[in-house]
Amino acid sequence: MKKNLLGLSILLLLVFSCSNLKQKTTDDNTSGNLSVLTVEEFQEVAPTIVDQEVSITGRVTHVCRHGGQRLFITGDSTDQTVRITTGENISEFDVALEGSIITVRGILKELIIDETYLAEWEMEVLEGTGGEGSGHQAGLDEHQKQQAEMEEGDPLASIQSLRDEIAASGKDHLSDYWVETIELTVNE
Amino acid sequence: MNLRKWIRIIHRDAGYIFFGMSVIYGLSGIALNHIDDWNPNYIIRTKQIIIDRPPQPESISEKWIIIFLNDLDRELQYRNHYFPQDNLLKIFLKQGSLTINLASGNGVLETIKRRPIFREVNFLHYNKPKKLWTWFADLFAVALILLAITGLFMIKGKKGITGRGAWLTSLGIVIPLLFLIIYLW
């Protein structure tokens, strides 16, 4: 009996040690020497710093309810949002982050949305193979989910609205920028 | 010691070790099968509210919101607020959020609670801890194959793999094959 209790104590000790370690890596991080961008500044500089490390701050307006893989932040003087995705060190965002001011250090990513992209996506939707895990869908997943939410779950409507947006932009593509998290700090 | 005895020992001990994992993956498997029908991680409730005479955005302060929330539901705890648009007020609560259209007076109260058990088992099934968990989950996957194979040879005779077992095993292979033929191939 005593041996069993000793074994259980060691196991619990290990579990709690791991929990404490996780807390440190997510809460006590600083943004290093990077200057911290606001959401407004991010929109301006994003095209010039793709695939580079960036630090951004803002208020969390929404955390993805299914799996917590994405959240959105906004600034004080804009209604625009920036999408933040989980990364190697953070596997899930807690819904409790909604309303908090956070600072995220991460890699700025770009998705180029052009006619090729939309045609492939459309074909997948029409063939019914556009679900998670399909080869093409794996790359589009984040964006499709965001768009589907915007269009109340209708991916074809999302595709059409993106086509309209491209036509109105006068360019041959749209760029979707987001930040893949390395570290996240809750400021308040 | 003969081979069948070893098979029984492996099946028994692997079964004990991975009992917890089998329950975790079984429960989260059910949750993930029905991911379009419910949210296994959170219990989310929404409630429509109407404010008779909504105030002007300029006159809204933290104090006003706290009094308003207290009148609406004493359980609601204020965290902070902001205006996503000129006439739209979003109040973040400890229990969720409240969004009010200040022009129409219509609002939506969303309360969120963590769903116990399913949130935890999904966290593990999705391999969110990564690192060491990946190894343990891989070990479980290998053990499942081992459990399946050793399970075939647990007993001899009419109820073993040469009799009833053969039919049931075949059925278990044919069913997924049928679905592949109908829906994939």
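No experiment lies behind these values; they were computed from the predicted model shown.

Participant: Even after reading the chapter, I still don't get the nonpolar core, so can you show me in this structure?
Facilitator: When a protein is soluble and globular, its nonpolar side chains tend to lie buried together. A:Phe42, A:Ile56, A:Leu71, A:Ile73 and A:Ile84 are the most contacted members of the largest nonpolar core, which has 25 residues in total. Of all the secondary structure elements, the ones that give two or more residues to this core are helix 2 (39-45), strand 2 (53-63), strand 3 (70-74), strand 4 (81-85), strand 5 (101-114) and strand 6 (173-186) of chain A. Counting residues in each nonpolar core, the second largest holds 15 residues, with B:Ile49, B:Ile65, B:Ile91 and B:Leu93 among its members.

Participant: I tried to follow the packing of aromatic side chains on my own but got confused; where do I start?
Facilitator: How two aromatic rings sit relative to each other is set out by the distance from centre to centre and by the angle between their planes. Residue and element names in this part refer to chain B. Following the criterion strictly, the structure yields nine aromatic pairs over all chains and no others. Seen in terms of ring centroids, phenylalanine 18 and phenylalanine 136 are 5.8 Å apart; in terms of plane orientation they differ by 35°. Their pairing is tilted. Of this pair, phenylalanine 18 sits in the loop between helix 1 (3-17) and helix 2 (19-33) while phenylalanine 136 sits in helix 5 (residues 132-152), and the two are 118 residues apart along the sequence. Considering the side-chain rings of phenylalanine 18 and phenylalanine 140, the 5.7 Å spacing of their centres and the 40° angle between planes classify their relative orientation as tilted. Taken as a pair, phenylalanine 18 in the loop between helix 1 and helix 2 and phenylalanine 140 in helix 5 lie far apart in primary sequence, 122 residues in all. On the basis of relative accessibility, which here comes to 4%, the residue phenylalanine 140 falls in the buried class. Connected via pairs of aromatic rings, a cluster forms that spans Phe18, Tyr25, Trp133, Phe136 and Phe140.

Participant: Please explain the interface of chain B and chain A as it appears in this structure.
Facilitator: The extent of an interface is frequently quoted as the accessible surface area lost upon association of the parts. With 21 residues of chain B in contact, the opposing surface of chain A contributes 20 residues. Summed over both sides, the interface of chain B with chain A buries roughly 1,700 Å², with 42% coming from carbon and sulfur. Between the two partners, chain B and chain A, sit five salt bridges. A salt bridge links A:Asp94 to B:Arg114; the shortest N-O distance between them is 2.1 Å. Seen at the junction of chain B and chain A, the total is 14 residue pairs in polar contact (both at pLDDT 80 or more). When residues of the side of chain B that touches chain A are traced back to their parent elements, those giving at least two are strand 1 (42-50), strand 2 (78-85), strand 3 (88-93), strand 5 (106-114) and helix 4 (118-125) of chain B. It is strand 2 of chain B that provides the largest number of residues to the side of chain B that touches chain A, a total of five residues. Classifying every residue of the side of chain B that touches chain A gives ten nonpolar, four polar and seven charged.

Participant: Would you mind showing me how to read the packing of helix 1 of chain B against helix 5 of chain B here?
Facilitator: Any two packed helices are characterised by the angle at which their axes cross and by the distance between the axes. Residues and elements named next belong to chain B. Two elements in contact, helix 1 and helix 5, have axes whose closest approach is 9 Å; the angle formed by their N-to-C orientations is 140°. The pairing of helix 1 with helix 5 is recorded here as oblique in orientation. Crossing geometry of helix 1 relative to helix 5 is assigned as left-handed. Here Ile7, Ile10, His11, Ala14 and Gly15 of helix 1 come into contact with helix 5, specifically with Leu146, Leu147, Thr150 and Gly151. Class assignment for the residues of the contact of helix 1 with helix 5 results in five nonpolar, four polar and no charged.

Participant: Where do I start with the sheet that holds strand 1 of chain B in this structure?
Facilitator: Backbone hydrogen bonds are what pair the strands of a sheet, in a parallel or an antiparallel way. Residues and elements named next belong to chain B. Reading across the sheet, the five strands line up as 1-5-4-3-2 and stay open at both edges, with antiparallel pairing between neighbours. Edge positions in the open sheet fall to strand 1 and strand 2, since each of these has one partner strand only. Here the strands of the sheet are splayed against their neighbours by 15° on average, with no regard to which way each runs. Bridge count for strand 3 against strand 4 (residues 96-101) is six bridges, and the pairing is antiparallel. When the bridges of strand 4 are listed, leucine 88 appears paired with asparagine 101. Across the sheet, helix 3 (residues 62-72) touches strand 1, strand 2, strand 3 and strand 4, and the angle it forms with strand 2 is around 110°.

Participant: Help me understand the pairing of strand 3 of chain A, please; the structure alone is not making it clear to me.
Facilitator: Walk down a regular strand and you will see the side chains alternate between the two sheet faces. Residues and elements named next belong to chain A. In terms of burial, strand 3 is largely enclosed, as five of its five residues are buried. Alternating residues of strand 3 divide into Arg70, Phe72 and Thr74 and Leu71 and Ile73, and every residue in both groups is buried. Where strand 2 lies against strand 3, four bridges are found, and the strand directions are antiparallel. Within strand 3, the position partnered with histidine 62 by the bridge is phenylalanine 72. In this structure, the hairpin formed by strand 3 and strand 4 is closed by a connection of six residues.

Participant: What am I meant to see in unusual backbone geometry here?
Facilitator: For residues that are not glycine, phi is negative in most cases, and the peptide bond is trans in most cases. Despite not being glycine, A:Asp51 shows a phi value in the positive range, around 70°. Tracing the sequence through the fold places A:Asp51 in the loop between helix 2 and strand 2. Despite not being glycine, B:Lys131 shows a phi value in the positive range, around 45°. Along the chain, B:Lys131 falls in the loop between helix 4 and helix 5.

Participant: Even after reading the chapter, I still don't get the environment of B:Glu110, so can you show me in this structure?
Facilitator: Mapped onto the fold, B:Glu110 is located in strand 5. B:Glu110 sits in the buried class, given a relative accessible area of 17%. Apart from residues no more than four positions distant in its own chain, B:Glu110 is found in contact with A:Arg65, B:Ile44, B:Arg45, B:Thr46, B:Gln95, B:Gly96 and B:Ser97. A polar contact is formed between the side chain of B:Glu110 and the side chain of A:Arg65, at a distance of 2.3 Å.

Participant: Would you take a moment to explain the packing of helix 3 (residues 115-127) of chain A against helix 5 (residues 155-169) of chain A for this structure?
Facilitator: Residue and element names in this part refer to chain A. Across the interface, helix 3 lies against helix 5 with an axial gap of 10 Å and an inter-helix angle of 165°. Here helix 3 lies roughly antiparallel to helix 5, going by the angle between them. As for the relative orientation of helix 3 and helix 5, their crossing is left-handed in sense. Each of Glu115, Leu118, Ala119, Trp121, Glu122, Val125 and Leu126 in helix 3 lies in contact with helix 5, whose residues at this interface are Pro155, Leu156, Ser158, Ile159, Leu162, Arg163 and Ile166. Looking at the contact of helix 3 with helix 5 residue by residue, the class counts come to ten nonpolar, one polar and three charged.

Definitions and cut-offs
- Residues numbered from 1 in each chain as written.
- Chains lettered and ligands numbered in written order.
- Predicted model: local features only at pLDDT ≥ 70, side-chain atom pairs only at ≥ 80, totals over all residues.
- Heavy atoms only, no water.
- Core = buried A, V, L, I, M, F, W, Y, C linked by side-chain atoms within 4.5 Å.
- Buried < 20%, exposed > 50% of the residue type's maximum accessible area, 1.4 Å probe, protein only.
- Helix = DSSP H or I, 4+ residues; strand = E, 2+ residues; numbered from the N terminus.
- Phe/Tyr/Trp six-rings, centres within 6.5 Å; stacked < 30°, edge-to-face > 60°.
- Contact = heavy atoms within 4.5 Å.
- Buried area = accessible area lost by both parts, 1.4 Å probe.
- Salt bridge = Lys/Arg side-chain N within 4 Å of Asp/Glu carboxyl O.
- Polar contact = N/O pair within 3.5 Å; in protein donor to acceptor, adjacent residues only side chain to side chain.
- Nonpolar A, V, L, I, M, F, W, Y, C, P; charged D, E, K, R; others polar.
- Axes fitted to C-alpha atoms, helices over the stretch in contact; angles between N-to-C directions.
- Parallel < 35°, antiparallel > 145°, perpendicular 65-115°, else oblique.
- Left-handed = near helix turned anticlockwise from the far one by under 90°.
- Pairing = 2+ DSSP bridges.

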